[in-house]
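These are the residues of each chain, in order.
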Amino acid sequence: MNDLKIDQELDCRGLGCPLPILKTKKAVMAMESGQILKMTCTDSGSQKDMPSWSSRTGHPILKTEEEGSDFIYYVQVK
Amino acid sequence: MAEPKKMALIASKGTLDWAYPPFILASAAAAMDMEVKIFFTFYGLPLLLPKIEAQVSPLGNPAMPMSMPFGPEWLQNMNLKIPNALMAGAPGFESMATTLMKKQFKNKGVATIEELRDLCMDVGVEMIACQMTMDVFGFEKKDFIEGIEYAGAANFLDFAADADIQLFI
């Protein structure tokens, strides 16, 4: 399923907790409902943090990928 | 829409290591749509000064890992076991440990305290300076950053009574 239309990309590689979720939150706030954000980070804690953030805020994660040391999340703005 | 979750924090410590948890938790909670207030009291109060001079002391803190933030990887990963009593006698040890910790954090992509505090402000975290501590230590409102509030214990408790999370840090 590589047919996701990405509206914005956010590079959080190299950033430690809690910066990836903060930057994701800020990015999502500036986007419109239904749009898709691709967030890439290297914080392995994000594997637990992003689903927690998603369930609290209600912005669903449509897909998760791992590429080398990168963790990639496709977040849809609610 | 459901009422947002609330978190009430007390930041009572002003060393570099203890300055992190309130700002990390507050910013993360706000990013998760929670309403957050941090009450800065006693040694936590200087965390509201424009420039945060927080230091970390290995003295009396034997659990603190000490390692070099530069050099070959084997050296960086080695925990230097320096007896507490030796540190106590070494002048400048605290500023060295502080420099090393800041470097270590920077290497690992951790924000500085000031950056985290700015992010907290951006995402709507409310910060309250303890008026009584200000009076005791001789701080004035003009000493602190803008955008904060000034109050006492009752004001914090009023918020904390309805908060879902309350932490004393």
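Anything mentioned here points back to the structure above.
Conventions we followed
Residues numbered from 1 in each chain as written. Chains lettered and ligands numbered in written order. Predicted model: local features only at pLDDT ≥ 70, side-chain atom pairs only at ≥ 80, totals over all residues. Helix = DSSP H or I, 4+ residues; strand = E, 2+ residues; numbered from the N terminus. Buried ≥ 20, exposed ≤ 12 C-beta atoms within 10 Å, placed from the backbone. Contact = placed C-beta atoms within 7 Å. Pairing = 2+ DSSP bridges. Axes fitted to C-alpha atoms, helices over the stretch in contact; angles between N-to-C directions.

A. Expanded view of the overall build of chain B. From N to C terminus, chain B includes 7 helices and 5 strands. Projected onto the principal axes, the alpha-carbon positions of chain B cover approximately 50 × 40 × 25 Å. For chain B, the residues scored as buried account for 28% of the 169 residues in total. Partitioning the intrachain contacts of chain B with sequence separation of at least 6 by distance along the chain shows that 76% fall at a separation of at least 24.

B. Region of interest: unusual backbone geometry. The amide bond that connects Cys17 of chain A to the next residue, Pro18 of chain A, takes the cis arrangement and shows omega of 5°. Positive phi is not limited to glycine here, since Asp33 of chain B has a value of about 65°. Along the chain, Asp33 of chain B turns up in the loop between helix H1 (16-31) and strand E2 (35-40). According to the C-beta neighbour criterion, Asp33 of chain B is partly exposed, with 18 such atoms within 10 Å. The phi angle at Phe42 of chain B is positive, at roughly 45°, despite the residue not being glycine. Structurally, the position occupied by Phe42 of chain B is in the loop between E2 and helix H2 (73-76). According to the C-beta neighbour criterion, Phe42 of chain B is partly exposed, with 16 such atoms within 10 Å.

C. Broad picture of the sheet that holds E2 of chain B. Residue and element names in this part refer to chain B. Across the sheet, which stays open at both edges, the 5 strands sit in the order E4-E3-E2-E1-E5 with parallel pairing between neighbours. Of all strands in the sheet, those with a lone pairing partner are strand E4 (149-151) and strand E5 (165-168), marking the two edges. Taken pair by pair, the neighbouring strands of this sheet meet at an average axis angle of 20°, ignoring direction. Strand direction decides the pairing type here: strand E1 (residues 6-11) and E2, joined by 6 bridges, are parallel. What sits directly across from Met7, in E2, is Val36.

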